[in-house]
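Breakdown of the fold
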Amino acid sequence: MAPEHLEIEYPCLWQYRLIGEDEDRLRAALAECVDPARCTIGRGHVSTGGHYLSLVVDLTVDSEEERLRLYQRLAAHPHIRMVL
C-alpha cells in the first residue's frame, strides 16, 4: 500500500525546527538560507546535556517547490545538524 500524499494549500504557514550546537551559528545559517524578516524565530528545546538546541522557525511558503528547496538548503548547511 502506497503512502498517502498530503494535500497542502499554498501559500501556507510552515514550521521548520533547526537543531544544532550553537544558537548564534544556527541563526547565522538560517540568515544565509532565508531572509530572517520573513520568519518568526523562537527557541526550542535544549538537550539534557546542553550539547544541542533547537530553533523553531515559522514562515509562509508559496509552493511545495519552495518548501522543499528551503528544507534542502537548511539541511545542507554545516552548522545545522538536523531539520524537522
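Just above sits the structure.
Predicted, not measured: the structure shown is a model, and the values here were computed from it.

Some words on helix H1 (residues 23-33)
Within the span of H1, buried status applies to Glu23, Leu26, Ala29, Leu30 and Cys33. Taken end-on, H1 shows its buried residues confined to a sector of 125°, consistent with a single buried face. Exposed side of H1, more than 90 degrees from the buried face: Asp24 and Glu32 are the residues found there. The backbone nitrogen of Asp24 lies 3.1 Å from a side-chain oxygen of the residue at the head of H1, namely Asp22.

Regarding the environment of Leu18
Of note, Leu18 is situated in strand E1 (residues 12-20). Its relative accessible area of 0% is what places Leu18 among the buried residues. Considering only alpha carbons, one finds Leu18 and Ala28, 10 residues apart in sequence, at a separation of 12 Å.

Conventions used here
Residues numbered from 1 in each chain as written. Predicted model: local features only at pLDDT ≥ 70, side-chain atom pairs only at ≥ 80, totals over all residues. Heavy atoms only, no water. Buried < 20%, exposed > 50% of the residue type's maximum accessible area, 1.4 Å probe, protein only. Helix = DSSP H or I, 4+ residues; strand = E, 2+ residues; numbered from the N terminus. Arc of directions from axis to C-beta. Polar contact = N/O pair within 3.5 Å; in protein donor to acceptor, adjacent residues only side chain to side chain.

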